[in-house]
Amino acid sequence: MAKTIAIANQKGGVGKTTSCVNLCCALKLLGKSVLLVDGDPQGNASSGMGVSKSTRPNTYDLLLGGASAADCVVHTDYGDVIPTGKELAAASIELIGSERREFVMRDALMTLYSDYDYIFIDCPPSLELLTVNALVAADSVLIPMQCEYYALEGIADLMTSIRLCKKRLNRRLEVEGIVLTMYDARMNLTNQVADELRRYLGGKVYETVIPRSVRLSEAPSHGMPGVVYDRANKGSRAYLELGREFLRRNEA
């Protein structure tokens with residue numbers, strides 16, 4: 001039975017999709033069966049896994065076109081993917097008229113639960129109906145976060161959203177953890193924010209931090225995750241270690 005993890009942050013530019021793609025690939029390299037569901041209309045997770053944004057059927061077809069989940073899956077060397085493209089941008093509006101509109105993604109993915117160890121959902125950088133669908137489908141939420149004070153303020157809003165979703169729509173939803181991204185230990189602000197997060201959230205903050213890395217940024221242009229594009233790079237090594245820590249936390 002797969003564990004489903006939504007990767008979310010209402011603030012953009014925090015390494016959300018980079019973390020989703022590279023953690024999925026890291027777990028695949030560590031021997032796990034992994035599916036990435038691209039729930040962000042930008043489709044960057046799809047291209048980051050080497051899948052064209054024009055591939056059909058996709059997430060839009062899964063949610064609104066009647067396509068089966070199995071038909072939407074694309075197999076890659078880095079993990080399986082349900083890709084998406086720009087048509088998903090209209091889904092939040094089109095879902096409004098759907099019965100049980102917050103549960104459409106959960107119901108659509110249920111047939112795949114026995115096929116994978118982990119299912120990751122890359123969410124849009126906002127709290128819209130697509131993100132709500134991901135939170136309802138998920139067992140937990142992994143939150144990538146940049147070490148700056150605006151991000152620290154935003155995390156409080158996201159925690160409130162998660163609590164409301166847990167109370168009203170998905171009682172099993174938990175915070176999987178917080179991953180510190182674009183980490184630069186030379187900056188006092190980075191260390192201050194990290195210390196404050198660990199003070200208030202304790203073990204929910206992963207020990208593994210993801211440093212800034214040009215090679216991780218280059219990888220999507222080559223259609224592959226950074227952990228494969230340059231496995232020796234410090235960012236790639238960090239995501240592989242994050243995968244190991246994730247497994248220790250989940251399989252202890």
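See the structure printed just above.
Note that the structure is predicted; figures quoted are calculated from it, not measured.

Procedures and definitions
- Residues numbered from 1 in each chain as written.
- Predicted model: local features only at pLDDT ≥ 70, side-chain atom pairs only at ≥ 80, totals over all residues.
- Heavy atoms only, no water.
- Buried < 20%, exposed > 50% of the residue type's maximum accessible area, 1.4 Å probe, protein only.
- Helix = DSSP H or I, 4+ residues; strand = E, 2+ residues; numbered from the N terminus.
- Pairing = 2+ DSSP bridges.
- Disulfide = S-S within 2.5 Å.
- Expected span 1.5 Å × (residues − 1).
- Arc of directions from axis to C-beta.
- Contact = heavy atoms within 4.5 Å.
- Axes fitted to C-alpha atoms, helices over the stretch in contact; angles between N-to-C directions.
- Parallel < 35°, antiparallel > 145°, perpendicular 65-115°, else oblique.
- Left-handed = near helix turned anticlockwise from the far one by under 90°.
- Nonpolar A, V, L, I, M, F, W, Y, C, P; charged D, E, K, R; others polar.
- 1 Å grid on protein atoms, 1.4 Å probe; cavity = no way out; pocket = protein on both sides within 12 Å on 5 of 7 lines; lining within 4 Å.
- Points joined across faces, edges and corners; volume = space filled by probe spheres on them.
- Salt bridge = Lys/Arg side-chain N within 4 Å of Asp/Glu carboxyl O.

Trainee: Go over the pairing of strand E1 (residues 3-7), please, and point to the residues and values.
Mentor: With four of five residues buried, E1 lies mostly within the body of the structure. Alignment of E1 against strand E4 (residues 118-122), held across five bridges, turns out to be parallel. Looking at E4, one finds that Ile-5 is bridged to Phe-120. Relative to strand E5 (residues 140-146), E1 is paired through three bridges, and the arrangement is parallel. Note that in E5 the partner of Ala-6 across the bridge is Val-141.

Trainee: Can you lay out the state of the cysteines for me, pointing to particular residues and giving the numbers?
Mentor: Overall, the coordinates contain zero disulfides when judged by the stated rule. Looking at Cys-72, it has no disulfide partner, and the nearest cysteine sulfur is the one in Cys-20, 17 Å off. With no disulfide of its own, Cys-123 lies closest to Cys-20 among cysteine sulfurs, the gap being 8.4 Å.

Trainee: Got a sec to walk through helix H9 (residues 188-201)? Specific residues and values, please.
Mentor: Look at H9: 20 Å from first C-alpha to last across 14 residues, which is about the 20 Å you get at 1.5 Å a residue. Taken together, the buried positions of H9 are Thr-190, Val-193, Ala-194 and Leu-197. Buried positions in H9, seen along its axis, are confined to an arc of 100° and lie on one side of it. The exposed residues of H9 that point more than 90 degrees off its buried face are Asn-188, Arg-199 and Tyr-200. Lining the buried residues of H9 we find E5, helix H8 (149-168) and strand E6 (174-181). Note on H9: the residue one or two positions beyond its end, Gly-202, has a positive phi of about 55°.

Trainee: Give a detailed account of the packing of helix H1 (residues 16-29) against helix H12 (residues 234-251), specifying residues and quantitative values.
Mentor: One can describe the packing of H1 onto H12 by two numbers: an axis separation of 8 Å at closest approach and a directional angle of 70°. One finds that H1 runs roughly perpendicular with respect to H12. For the crossing formed where H1 meets H12, the hand is right-handed. Together, Thr-18, Ser-19, Asn-22, Leu-23, Ala-26, Leu-27 and Leu-29 of H1 and Tyr-239, Leu-240, Leu-242, Gly-243, Phe-246 and Leu-247 of H12 make up the contact between the two elements. Broken down by class, the residue content of the contact of H1 with H12 amounts to nine nonpolar, four polar and no charged.

Trainee: Please set out empty space enclosed by the protein residue by residue, giving values where relevant.
Mentor: What the rule picks out here adds up to one cavity of 30 Å³ or more. Taken as a whole, the largest cavity holds about 40 Å³ of empty space. Looking at the lining of the largest cavity residue by residue, the classes come out as five nonpolar, four polar and no charged.

Trainee: An account of the pattern of salt bridges is needed here, citing residue identities and associated values.
Mentor: Applying the stated criterion across every chain yields a total of 17 salt bridges. As a salt-bridge pair, Arg-215 and Glu-218 come within 2.9 Å of each other at their nearest N and O atoms. On the criterion of helical spacing, the pair formed by Arg-215 and Glu-218 is a turn pair, its members being three residues apart in helix H10 (residues 214-218). Put simply, Asp-230 and Arg-215 hold a salt bridge, and the shortest N to O gap is 2.9 Å. With Asp-230 in the loop between helix H11 (226-229) and H12 and Arg-215 in helix H10, the pair connects residues that are 15 residues apart, well separated along the chain. Judged by relative accessible area, Arg-215 falls into the partly exposed class, the value being 31%. Residues participating in the shared-partner salt-bridge network are Lys-16, Asp-40 and Asp-122.

Trainee: Got a sec to walk through the sheet that holds strand E3 (residues 80-82)? Specific residues and values, please.
Mentor: Spatially, six strands are ordered E3-E2-E4-E1-E5-E6 in an open sheet, and the strand pairing comes out parallel. Each edge of the open sheet carries a strand with a single partner, namely E3 and E6. Shown here is a sheet whose adjacent strand axes are inclined to one another by a mean of 20°, direction ignored. Both E5 and E6 contribute to a ladder of seven bridges, which runs parallel. Of the residues in E6, the one forming a bridge with Val-141 is Val-175. Each of E1, E4 and E6 is contacted by H12, which is oriented at about 120° to E4, the strand it contacts most.

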